[in-house]
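# Commentary on secondary and tertiary structure
For reference, the chains in residue letters:
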Amino acid sequence: MDELNLRFIIAAYSVSWLVILGYLMRLKRKGSQARADYDQISKETAGDGPR
Amino acid sequence: MPQTELSRESRAAAPPRTSAFFGFIAFAALIAAQVFSILTSPAEADMGHLQKIMYVHVPAAWMAFISFFVVLVFSVRYLWKKRENDDLLAASAAEVGATFTGLTLMLGMIWGRPAWGVWWVWDARLTSTLVLFLIFVGYLALRAFVDDAEQRARWSAAVGAIGAINVPIVYMSVKWWRTLHQPQSSPSTLDPAYTMGLRLNAIALLLVTIYFIRKRYEIARLERAVEHLAEAAAMGGK
């Protein structure tokens, strides 16, 4: 029973970190993309662009 | 000055970057809190060490509630003042809240299987939490499918404000109805051996939640700034 419980505890903490780190990676990816889009369109529209 | 009266240049300005150091502190605090609570909490009389799942399940639920409270406040504020940044902040909190609600449901299922013998039952707490999750998945889908920024903001503010009303229903469900789910776990209802671990995990996950919402808000403002610049370019202005 204890061994079975241990499996569920490990599963719970693994799922928690997968979701939290997965969301962090998503934010990093979206953030980099948004920053790159912003820099590009700023150059295209205003040369130096509003910063 | 209302947001709608701001100059095109200020609406298209890049927001300040969210502090990476704050994010590092938040994640370090979460790791420390989890290690502390796993190592120091004794086995519970009925559930044994399975009780340790509480340190991730309960704070995740609380962070979902806090996020949806932010959605409620800034959705109502958007409907009142029509400030674009209120809409972006509400949407950022909704995404984080939906993530934590999904996590709460998954952790509840992992707890339920060994504790109750089933992954899922249609009891009031589980069902109302699932409804809350689906409302905010719908909220995010709505934002993805409506192109007009003002219409998107108005509709999602209405859905966000109405959806957040489900939070007290979820919270009170274990009191209002007979449920398989136990009453709320909080420092006031717990054995003192478990309260410090729960408090530390809740504070650490709150820091992570604040970091997530701030970061998502920064991205949302950048995306809107790009839209404003593209509109300006399309109209031939700078």
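Quick caveat: nothing in here was measured; it's all calculated off a predicted structure.

What counts and what doesn't
Residues numbered from 1 in each chain as written. Chains lettered and ligands numbered in written order. Predicted model: local features only at pLDDT ≥ 70, side-chain atom pairs only at ≥ 80, totals over all residues. Heavy atoms only, no water. Axes fitted to C-alpha atoms, helices over the stretch in contact; angles between N-to-C directions. Helix = DSSP H or I, 4+ residues; strand = E, 2+ residues; numbered from the N terminus. Parallel < 35°, antiparallel > 145°, perpendicular 65-115°, else oblique. Left-handed = near helix turned anticlockwise from the far one by under 90°. Contact = heavy atoms within 4.5 Å. Nonpolar A, V, L, I, M, F, W, Y, C, P; charged D, E, K, R; others polar. Core = buried A, V, L, I, M, F, W, Y, C linked by side-chain atoms within 4.5 Å. Buried < 20%, exposed > 50% of the residue type's maximum accessible area, 1.4 Å probe, protein only. 1 Å grid on protein atoms, 1.4 Å probe; cavity = no way out; pocket = protein on both sides within 12 Å on 5 of 7 lines; lining within 4 Å. Points joined across faces, edges and corners; volume = space filled by probe spheres on them. Expected span 1.5 Å × (residues − 1). Arc of directions from axis to C-beta. Polar contact = N/O pair within 3.5 Å; in protein donor to acceptor, adjacent residues only side chain to side chain.

## A look at the packing of helix 5 (residues 124–145) of chain B against helix 7 (residues 166–176) of chain B
Residue and element names in this part refer to chain B.
- As a packed pair, helix 5 and helix 7 sit with axes 8 Å apart at the nearest point and diverge in direction by 165 degrees. Judged on the interaxial angle alone, helix 7 and helix 5 are roughly antiparallel. As for how helix 5 packs across helix 7, the hand of that crossing is left-handed. The residues of helix 7 that touch helix 5, namely those facing Ala124, Arg125, Ser128, Thr129, Val131, Leu132 and Ile135, are Asn166, Val167, Val170, Tyr171, Ser173 and Val174.
- Grouping the constituent residues of the contact of helix 5 with helix 7 by class yields eight nonpolar, four polar and one charged.

## Topic: the nonpolar core
- Counting 67 residues, the largest nonpolar core has B:Ile53, B:Phe100 and B:Phe212 as the members making the most contacts within it.
- Sorting the residues of this core by element identifies helix 1 (2–46) of chain A together with helix 2 (20–40), helix 3 (54–81), helix 4 (84–116), helix 5, helix 7 and helix 8 (192–234) of chain B as the ones contributing at least two each.
- Discounting residues that sit within four places of it in the chain, B:Phe100 has contacts with B:Ala60, B:Met63, B:Ala64, B:Leu205, B:Thr209 and B:Phe212.

## A closer look at unusual backbone geometry
- Its identity is not glycine, yet B:Lys82 carries a phi of approximately 60 degrees, on the positive side.
- Relative to the elements of secondary structure, B:Lys82 occurs in the loop between helix 3 and helix 4.

## A word on the environment of B:Pro187
All names here are of chain B.
- With respect to the helices and strands, the residue Pro187 is situated in the loop between helix 7 and helix 8.
- In this structure Pro187 comes out as partly exposed when scored by relative accessible area, which is 25%.
- The sequence separation of Pro187 and Leu198 amounts to eleven residues, and the corresponding C-alpha distance is 7.3 Å.
- The contacts of Pro187, once residues within four sequence positions are left out, are Trp62, Thr195, Leu198 and Arg199.

## Structural notes on the layout of surface pockets
- Approximately 510 Å³ is the volume found for the largest pocket.
- Considering the residues around the largest pocket, the lining is formed by 29 residues, among which B:His57, B:Ala61, B:Thr104, B:Arg125 and B:His181 are closest to the centre.
- If you list the elements that add at least two residues to the lining of the largest pocket, you get helix 3, helix 4, helix 5 and helix 7 of chain B.
- Top element by residues in the lining of the largest pocket is helix 4 of chain B. It accounts for nine residues.
- Its residues assigned to classes, the lining of the largest pocket shows 17 nonpolar, eleven polar and one charged.
- The computed volume of the second largest pocket comes to approximately 390 Å³.
- Together, 17 residues line the second largest pocket, and B:Arg143, B:Arg152, B:Arg216, B:Glu223 and B:Glu227 are the ones closest to its centre.
- Of all the secondary structure elements, the ones that give two or more residues to the lining of the second largest pocket are helix 1 of chain A together with helix 4, helix 5 and helix 8 of chain B.
- By residue number, the principal contributor to the lining of the second largest pocket is helix 8 of chain B, which donates five residues.
- The class makeup of the residues in the lining of the second largest pocket is six nonpolar, one polar and ten charged.

## What about helix 6 (residues 149–164) of chain B?
Residue and element names in this part refer to chain B.
- Taking 1.5 Å as the rise per residue, helix 6 with 16 residues should run 22 Å; its terminal C-alpha atoms sit 22 Å apart, in good agreement.
- Three or more residues of helix 6 are buried, namely Arg152, Ala153, Ser156, Ala157, Gly160, Ala161, Gly163 and Ala164. In a view along the axis of helix 6, the buried residues occupy a sector of 160 degrees, so they form one face of it.

## Some points on empty space enclosed by the protein
- Counting across every chain of the model gives one cavity of 30 Å³ or more.
- Taken as a whole, the largest cavity holds about 60 Å³ of empty space.
- Around the largest cavity, the lining residues are A:Ser16, A:Ile20, B:Leu30, B:Gln34, B:Tyr55, B:Val56, B:Pro59, B:Leu103, B:Leu107, B:Asn201 and B:Leu205.
- Residue assignment for the lining of the largest cavity shows that the elements contributing at least two residues are helix 1 of chain A together with helix 2, helix 3, helix 4 and helix 8 of chain B.
- Ranked by the residues each element gives to the lining of the largest cavity, the list is headed by helix 3 of chain B, at three residues.
- Grouping the constituent residues of the lining of the largest cavity by class yields eight nonpolar, three polar and no charged.

## Observations concerning the side chain of B:Ser156
All names here are of chain B.
- The residue Ser156 is located in helix 6 in this model.
- Separated by 2.7 Å, the side chains of Ser156 and Arg143 make a polar contact.
- Separated by 3.4 Å, the side chain of Ser156 and the backbone oxygen of Ala153 make a polar contact.
- What Ser156 contacts, discounting residues up to four positions off in sequence, is Asp87, Tyr139, Leu142 and Arg143.

All quantities given are derived from atomic positions and should not be read as evidence of function.
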